[in-house]
Amino acid sequence: MFRIFRHYIPKILILLGTTESLILLLSVFLSTGGGISPDHALMFPRAALFCAVMMFVMMAMGLYHNFDEDNSRMVLTRISLSFLLGVVMLVLLYNMLPGLSINHDKFLFAVLISFSGIVTCRLARHFWHNRIPKSNILVIGTGKKAQQLESLNHNYKNSDVRIRSYLDIEENGTRHIAEDRIIDIKQDLSNLVQIAFDNDIREIVIALDERRNTIPINAILDCKMRGIAVTDVNSFLERQLGKICINTLDPSTLIYCDGFIQGEIKSLVKRSFDITVSLALLVLMSPVMLLTMLAILVESSFRGSVIYSQKRIGANDRPFRIYKFRSMRENAEVEGNPVWASKDDARVTRVGRFIRKTRIDELPQLFNVLKGDMSFVGPRPERPEFTRELSGEIPFYSLRHHVKPGITGWAQICFPYGASKGDAREKLQYDLYYLKNNTLFLDILILIQTAAVIFLGKGAR
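Residues numbered from 1 in each chain as written. Predicted model: local features only at pLDDT ≥ 70, side-chain atom pairs only at ≥ 80, totals over all residues. Heavy atoms only, no water.

Visitor: How do you make sense of the overall build of the protein when you look at a structure like this?
Guide: Along the protein, the regular secondary structure elements total 17 helices and 11 strands. For the protein, buried positions account for 48% of its 461 residues. Pairs at least 24 apart in sequence give 75% of the contacts found in the protein among residues at least 6 apart. Total accessible area computed for the protein in this model is approximately 23500 Å², and 61% of it derives from carbon and sulfur atoms. (Helix = DSSP H or I, 4+ residues; strand = E, 2+ residues; numbered from the N terminus. Buried < 20%, exposed > 50% of the residue type's maximum accessible area, 1.4 Å probe, protein only. Contact = heavy atoms within 4.5 Å. Areas by Shrake-Rupley, 256 points an atom, 1.4 Å probe, with all protein chains shown as cover.)

Visitor: What am I meant to see in the nonpolar core here?
Guide: Soluble globular proteins tend to pack their nonpolar side chains together in the buried interior. One finds Leu24, Phe50, Leu90, Phe325 and Trp410 to be the most contacted residues of the largest nonpolar core, which totals 82 residues. Broken down by element, the residue count for this core peaks at 12 residues, all from helix α2 (residues 43-60). Contacts of Leu90, omitting those with residues within four sequence positions, involve Leu49, Phe50, Val53, Met54 and Phe107. Within the second largest apolar cluster, 17 residues are counted, among which are Val161, Ile163, Val205 and Cys245. (Core = buried A, V, L, I, M, F, W, Y, C linked by side-chain atoms within 4.5 Å.)

Visitor: What exactly am I supposed to notice about unusual backbone geometry here?
Guide: The backbone of Arg6 shows a phi angle near 75°, a positive value even though the residue is not glycine. Positionally, Arg6 belongs in the loop between β1 (2-4) and β2 (7-9). With a phi close to 60°, Asp317 is a non-glycine residue in the positive phi region. Of note, Asp317 is situated in the loop between β8 (307-313) and β9 (319-325). Judged by relative accessible area, Asp317 falls into the partly exposed class, the value being 49%.

Visitor: What is the right way to read the pairing of strand β6 (residues 201-206) from this model?
Guide: Looking down a regular strand, the side chains alternate between one sheet face and the other. Among the six residues that make up β6, five are buried, leaving the element largely enclosed by the rest of the structure. As defined by bridge partners, strand β3 (residues 135-140) adjoins β6 across five bridges and the pair is classed as parallel. Across the sheet, residue Ile140 finds its bridge partner in β6, namely Ile206. Two strands pair when backbone bridges link them, and β6 and strand β7 (residues 229-232) are joined in this way by four bridges, in the parallel orientation. Its bridge partner lying in β7, Val205 is registered against Thr231. (Pairing = 2+ DSSP bridges.)

Visitor: Got a minute to help me understand helix α16 (residues 421-437) in this structure?
Guide: Each α-helix winds once per 3.6 residues, and so residues spaced three or four apart point in a common direction. Between the first and last C-alpha of α16 there are 25 Å, a value that for 17 residues agrees with the 24 Å anticipated at 1.5 Å per step. In terms of residue burial, α16 counts as a mostly covered element, since 13 of its 17 residues are buried. (Expected span 1.5 Å × (residues − 1).)

Visitor: Looking at this model, I keep getting lost on the pattern of salt bridges. Mind explaining?
Guide: Should the charged atoms of two oppositely charged side chains come close, the side chains can pair. The full count for this structure, using the stated rule, is 21 salt bridges. Among the ionic pairs, Arg383 bridges to Glu385, the shortest N-O distance being 4.0 Å. A relative accessible area of 10% places Arg383 in the buried class. Several salt bridges converge on common partners, so that one network encompasses Arg3, Arg6, Glu238, Asp258 and Lys436. (Salt bridge = Lys/Arg side-chain N within 4 Å of Asp/Glu carboxyl O.)

Visitor: So what exactly am I meant to see when it comes to the packing of helix α3 (residues 72-96) against helix α4 (residues 104-128) here?
Guide: For any two helices packed against each other, one specifies the inter-axial angle together with the distance between the axes. The geometry of α3 relative to α4 is characterised by a closest axis approach of 11 Å and an angle of 155° between their N-to-C directions. In terms of their interaxial angle, α3 and α4 are classed as roughly antiparallel. As α3 packs across α4, the resulting crossing turns out to be right-handed. Together, Ser72, Val75, Leu76, Ile79, Ser80, Phe83, Val87, Leu90 and Tyr94 of α3 and Phe107, Val111, Ser114, Phe115, Ile118, Val119, Arg122 and His126 of α4 make up the contact between the two elements. The residue inventory of the contact of α3 with α4, partitioned by class, reads 12 nonpolar, four polar and one charged. (Axes fitted to C-alpha atoms, helices over the stretch in contact; angles between N-to-C directions. Parallel < 35°, antiparallel > 145°, perpendicular 65-115°, else oblique. Left-handed = near helix turned anticlockwise from the far one by under 90°. Nonpolar A, V, L, I, M, F, W, Y, C, P; charged D, E, K, R; others polar.)

Visitor: Where do I start with the side chain of Asp431 in this structure?
Guide: Structurally, Asp431 is set in helix α16. For Asp431, the contacting residues outside a window of four places in its chain are Pro379, Arg400 and Ala411.

Visitor: Which parts of the structure should I look at to understand α2?
Guide: With 18 residues, α2 should reach 26 Å at 1.5 Å per residue; the first-to-last C-alpha distance of 26 Å fits that figure. Burial within α2 is extensive, with 13 of its 18 residues counted as buried. Directly after α2, the chain includes Gly62, whose backbone phi takes a positive value near 80°.

Visitor: I keep staring at the side chain of Asp361 and nothing clicks. Help me out?
Guide: Here Asp361 is to be found in the loop between α12 (350-357) and α13 (365-371). An unpaired buried charge is present at Asp361: no salt bridge exists, and Lys324, the closest side chain of opposite charge, is 4.5 Å distant. (Lys, Arg positive; Asp, Glu negative; His and termini not counted.)

Visitor: Help me out: how do you make sense of the environment of Ile169 in this one?
Guide: Residue position: Ile169 is located in the loop between β4 (161-168) and β5 (182-184). It is 7.3 Å that separates the C-alpha atoms of Ile169 and Thr214, two residues lying 45 residues apart in sequence.

Visitor: Please clarify how the packing of α16 against helix α17 (residues 440-455) should be interpreted in this entry.
Guide: Packing of α16 against α17 leaves a shortest axis separation of 9 Å and a crossing angle of 140°. Put simply, α16 runs oblique to α17. Residue-level inspection shows Tyr433, Tyr434 and Asn437 of α16 in contact with α17, the latter providing Leu442, Asp443 and Ile446. Of the residues in the contact of α16 with α17, the class split is four nonpolar, one polar and one charged.

Visitor: How do you make sense of the packing of aromatic side chains when you look at a structure like this?
Guide: To describe a pair of aromatic rings, one takes the distance between the centres and the angle between the planes. Counted according to the given criterion, the structure contains five aromatic pairs. Look at Phe5 and Phe441: their rings are 5.4 Å apart centre to centre, the planes differ by 40°, and that puts the pair in the tilted class. With Phe5 in the loop between β1 and β2 and Phe441 in helix α17, this residue pair connects regions lying 436 residues apart in the sequence. Phe5 gets classed as exposed once you look at its relative accessible area, which sits at 57%. (Phe/Tyr/Trp six-rings, centres within 6.5 Å; stacked < 30°, edge-to-face > 60°.)

Visitor: It is not clear to me how the environment of Ala48 should be interpreted in this structure. Could you clarify?
Guide: Considering the arrangement of structural elements, one finds Ala48 in helix α2. Judged by relative accessible area, which is 31%, Ala48 ranks as partly exposed.

Visitor: Which parts of the structure should I look at to understand the pairing of β8?
Guide: In this structure, β8 lies alongside β9, joined through seven bridges in antiparallel fashion. Bridging across to β9, Gln310 finds its partner in Ile322. Connecting β8 to the antiparallel partner β9 that follows it, the hairpin turn spans five residues, and Asn316 within it adopts a positive phi of roughly 55°.

Visitor: Got a minute to help me understand a nonpolar patch on the surface in this structure?
Guide: Together, Val88, Leu92, Met96 and Leu97 make up a nonpolar patch on the protein surface, roughly 390 Å² of accessible area in all. Inspection of the secondary structure puts Leu97 in the loop between α3 and α4. Taking relative accessible area as the criterion, Leu97 reaches 38% and is therefore assigned partly exposed. (Patch = residues over 30% accessible without salt bridge, like charges linked within 9 Å, V, L, I, M, F, W, Y side chains within 5 Å.)

Any functional reading would require information that these geometric values do not contain.
Listed below in structure tokens is the structure:
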């Protein structure tokens, strides 16, 4: 994993993005035949624009998402849609910036070359993926914390590590790992370095349920001095999964770890970013918002409200009213009792089903952002009734209220729509990752990848 502005990105995705950027750049140069032309000085800016637009659209279509499944048919569909949208965007940009436009025939040739190159790159990645060598991991511990790691070998295709084996050094602990995966060295820790070298171990992860008087300090320190990385289970899971697992978390970990810093400069930059993006989107999406209002009025025979408001909990537990386009029938909740949204919810109208699927119903929240009640990126705000209930049942849930809630967020692009306490618990782990590592870079990344959620209709209800 590479850590860029506090955010972890798998090495395979960095390599993939770099390779495909070069393919896009080279395709423009190849489309000219490599000759020198009078406007040769503009060739690099033209290639850079072509590359930037195509990479932006491919990111927006989820082709560089850490946790997407490696489904060849889905990947090919996303590449095709990316190029279709990318060509449309480039044509519009060429009309606004004619000096950077590419000759029609050469442009089509560049599109054809780059499309073929990227499809070939993705096929090569699919074919060679399981053959790429991974770093071997040795886990110290065989209890519940160690059990959290075992799924990495099977469920995360973009993971660049492989758990080789586990060491059982806990005298009275219950084993939660299969016996054939365990090395038992309770009686002799002096050869830990040799075990690590024999198994080509690059990293040791400490995953002990009970650390008191059980950690082999000298043996582990010896490994570290020999160049073997040593990592705590919480940091390892955060790095590999993009979330902070609350099952292995204790308050002292949060207190002493780096991150969770909300400084004045960071807040000012974020607020400036929120206002700029919100104003731009309000101008850009105003025709869509007007059409949506008209559609809601027509479906309801010009009765009832167009905008729906509801009390939510914001930063520092301050309540505010969130705005949405009304997607359910009037008086959808019996006697005002809060109800989790469900799949194929009968309360949703026909127009409401469409605007929920495309997230158009969220557009009025741009006014919440301008007011300062919300940020563009952050944890989704919950209703007071649900907040009280979840805070009492899910550890660390109240931490999400230390920042402004957002229209979109890391949890929204990594996990489907939350409609239960179990979903709320899972999404909290992604929210904690965002709270710990939030930067402008991560905000921009989330905004780009939110487009994939909208285009592909992920998680809408």
